[in-house]
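# Observations on the model geometry
Each chain, written out:
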Amino acid sequence: MTTLLSEFAREHGVRYFLISFTDLFGVQRSKLVPTQAIDAMAVNGAGFAGFAAWLDMTPADPDILAIPDRDSLIQLPWQPDVAWMAADLVMSGQPVEQTPRWVLKQMVSKAAALGYRVKTGVECEYFLLSADGEQISDGRDRASKPCYDQQALMRRFDVISEICDAMLKLGWGAYQNDHEDANGQFEMNWTYADALVTADRHAFFKYMVKAIAEKHGLRATFMPKPFLHLTGNGCHTHLSVWDAAGNTNLFDDPTGKLGLSPLAYQFIGGVLHSAAALCAFTNPTVNSYKRINAPVTTSGATWSPNSISYSGNNRTHSIRIPEPGRFEFRLADGAANPYLLPAALIASGLDGMEHQRDPGDRQDNNAYTDLLPTGTLKRLPANLLDALRCLEADTILTPILGSALVSAYIKLKHQEWNEYSTHISPWELEATLDC
């Protein structure tokens, strides 16, 4: 018999539970529930007004109820009297079909019905800034090539080690931390897992990094491109498909090119086929396209792709095959929704496997310096509006992900673009004031 959450709380010293869901814009919404009320909330759900979050609802809609998933429970290592749980949303007894976590669960179920188990891992890059967010927090971190800088890494040891210790305590299999390619930028890696498990951990990781940074008087950001002259924040995603039991990697083929099976290349073919529409989910903000189409940074490279292509162990393309049995999707950035990112990848990959899509020739050139003839490769969308239009025109992702999600997402993202378009930037004033 499953232990009641109140009993878990008494045994582990938990006083409060955060019942959390992630909306369409990747914002985490929560209610803080005292232990005395948690058992009823676990059954009935915590009530929210859906219009108050980015879910494409109105004030006239009934309450949404967030039903916590016990399997996602995490006791906060830095604040152990609080526990966090990811929740699924229902309204009037039915799932809220545009909810990112629900959509991912549907994609996992579609894969399972075909005998597949999808496993993912993510590399979440972030900046540590001053408390006001105006500049990087370490004034001595000024090297032109700061990647893996030992001194800069260790000057932030207190923050980095506390986050890593937390992941170790939670059993995530954290295995390395490094200073990344931009001044003030860091990355922390933990072991891959089933797609939903990784997505829940991804969502919690973003919260944890920000909370621990604030504890140390700093501010953390996963913003795709906070500084024009520095490398942006990517969210590189590693993916493999296994058998239903999760014991055999179906992407692994010692006889295949670069150690990948035909099934893996079909999956990659599906991702590349839908890449332009995928950008609406994997690069979901106006700022995202400052990272993709960025000029050369101080370090000498942006480390982000600019075309729809795949390669071997080459970091200049959208997809990298670093070793047998998996691929790395390098297009996504730090603003990507932890649930919609893998959901969209799985959707496009399932399409690729179903239709045996050919990814075409592997490109092994340095995409930053050794440009291929014009027209050889398709380009990525130039901005969020282009990406949204690609998603609107796409005939593959909407049927798989569901029209409830795609229509709500496109509607809200067009509102975001329109709001952005009403602002007059300093560049506009400087360039056209004297017209």
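Let me sum up the structure you'll find in this document. (Residues numbered from 1 in each chain as written. Predicted model: local features only at pLDDT ≥ 70, side-chain atom pairs only at ≥ 80, totals over all residues. Heavy atoms only, no water.)

Moving on to the overall build of the protein. Broken down by element type, the protein carries 14 helices and 16 strands. The globule rule puts the C-alpha radius of gyration for 435 residues at 22 Å, and the 22 Å found for the protein is close to it. Taking the principal axes of its C-alpha atoms as reference, the protein extends roughly 65 × 50 × 50 Å. Classification of the 435 residues of the protein by burial places 55% in the buried group. Looking at the protein alone, contacts between residues at least 24 apart form 70% of all its contacts between residues at least 6 apart. (Helix = DSSP H or I, 4+ residues; strand = E, 2+ residues; numbered from the N terminus. Rg over C-alpha atoms; globule rule 2.2 N^0.38 Å. Buried < 20%, exposed > 50% of the residue type's maximum accessible area, 1.4 Å probe, protein only. Contact = heavy atoms within 4.5 Å.)

Along the polypeptide, valine 271 turns up in helix α7 (residues 262-273). The class for valine 271 is buried, based on a relative accessible area of 1%. Taking the C-alpha atoms as reference points, valine 271 and threonine 3, 268 residues apart in sequence, are found 42 Å from one another. When near neighbours in sequence (up to four residues on either side) are disregarded, valine 271 contacts Leu278, Ile319, Phe327, Phe329, Leu345, Ser348 and Gly349.

With that out of the way, let us pick up the pattern of salt bridges. Scanning the entire structure with this criterion turns up 16 salt bridges. Among the salt bridges present, the one from lysine 411 reaches aspartate 56, with a minimum N-O distance of 2.9 Å. Residue lysine 411 is found in helix α13 (residues 403-421), and its partner aspartate 56 is found in the loop between β3 (46-48) and β4 (64-68); the two are separated by 355 residues along the sequence. Taking the relative accessible area as the measure of exposure, aspartate 56 reaches 27% and is therefore partly exposed. Here glutamate 416 makes a salt bridge to lysine 413, at a shortest N to O gap of 2.7 Å. On the criterion of helical spacing, the pair formed by glutamate 416 and lysine 413 is a turn pair, its members being 3 residues apart in helix α13. When salt bridges that share partners are traced, they join Asp69, Asp88, Arg101, Lys105 and Asp200 into one network. (Salt bridge = Lys/Arg side-chain N within 4 Å of Asp/Glu carboxyl O.)

Most of strand β10 (residues 185-189) is tucked away, with 5 of its 5 residues classed as buried. Alternating positions in β10 separate into two faces, Gln185, Glu187 and Asn189 on one and Phe186 and Met188 on the other, with burial throughout. In terms of strand pairing, strand β8 (residues 116-129) meets β10 through 4 bridges, oriented antiparallel. Paired with tyrosine 126 across the bridge in β10 is phenylalanine 186. Bridging between strand β9 (residues 176-179) and β10 involves 4 bridges; their strand directions are antiparallel. Bridge pairing in β10 places aspartate 178 opposite glutamate 187. The loop that links β9 with its antiparallel partner β10 comprises 5 residues; one of these, glycine 184, has a positive phi angle of about 80°. (Pairing = 2+ DSSP bridges.)

A few words on the packing of helix α1 (residues 5-12) against helix α2 (residues 35-44). In contact at an axis separation of 8 Å, α1 and α2 are set at 150° when each is read in the N-to-C sense. Contact residues: α1 offers Leu5, Ser6 and Ala9, while α2 offers Thr35, Ile38, Asp39 and Ala42. Here the contact of α1 with α2 is composed, by residue class, of 4 nonpolar, 2 polar and 1 charged. (Axes fitted to C-alpha atoms, helices over the stretch in contact; angles between N-to-C directions. Nonpolar A, V, L, I, M, F, W, Y, C, P; charged D, E, K, R; others polar.)

On to α7, then. Spacing of three or four residues puts side chains on the same side of an α-helix, whose turn is 3.6 residues. The end-to-end C-alpha separation of α7 is 16 Å, in line with the 16 Å expected for 12 residues at 1.5 Å each. Within α7, 10 of the 12 residues are buried, leaving the element largely enclosed by the surrounding structure. Taken together, the buried positions of α7 are occupied by Leu263, Ala264, Tyr265, Gln266, Phe267, Ile268, Gly269, Gly270, Val271 and Leu272. (Expected span 1.5 Å × (residues − 1).)

Inspection of the entire model under this criterion finds 21 aromatic pairs. A ring pair is formed by tyrosine 126 and phenylalanine 205, whose centres lie 6.4 Å apart and whose planes are at 65°; its orientation type is edge-to-face. With a gap of 79 residues between them, tyrosine 126 in strand β8 and phenylalanine 205 in helix α6 (residues 195-215) connect regions that are remote in the sequence. Side by side, tyrosine 126 and phenylalanine 205 carry an identical accessibility label, which is buried. When the ring of phenylalanine 251 is compared with that of phenylalanine 267, the centres are 5.6 Å apart and the planes differ by 70°; the resulting orientation is edge-to-face. Pair noted here: phenylalanine 251 is in the loop between β13 (235-243) and α7 and phenylalanine 267 is in helix α7, with a separation of 16 residues, a long-range link. (Phe/Tyr/Trp six-rings, centres within 6.5 Å; stacked < 30°, edge-to-face > 60°.)

What follows concerns the packing of helix α5 (residues 157-170) against α6. Between α5 and α6, whose axes approach to 10 Å, the crossing angle comes to 140°. The pairing of α5 with α6 is recorded here as oblique in orientation. Seen along the crossing, α5 lies across α6 with a hand that is right-handed. Note on element contacts: α6 touches α5 through Phe204, Phe205, Met208, Val209, Ile212 and Lys215, opposite Val159, Glu162, Ile163, Ala166, Met167 and Leu170. In terms of residue class, the contact of α5 with α6 is made up of 10 nonpolar, no polar and 2 charged. (Parallel < 35°, antiparallel > 145°, perpendicular 65-115°, else oblique. Left-handed = near helix turned anticlockwise from the far one by under 90°.)

Once that is clear, we can look at a nonpolar patch on the surface. Where nonpolar side chains cluster on the molecular surface, the patch consists of Ile424, Leu429 and Leu433 and spans about 340 Å² of accessible area. By the secondary structure assignment, leucine 433 is in the segment after α14 (426-432). For leucine 433, a relative accessible area of 63% puts it in the exposed group. (Patch = residues over 30% accessible without salt bridge, like charges linked within 9 Å, V, L, I, M, F, W, Y side chains within 5 Å. Areas by Shrake-Rupley, 256 points an atom, 1.4 Å probe, with all protein chains shown as cover.)

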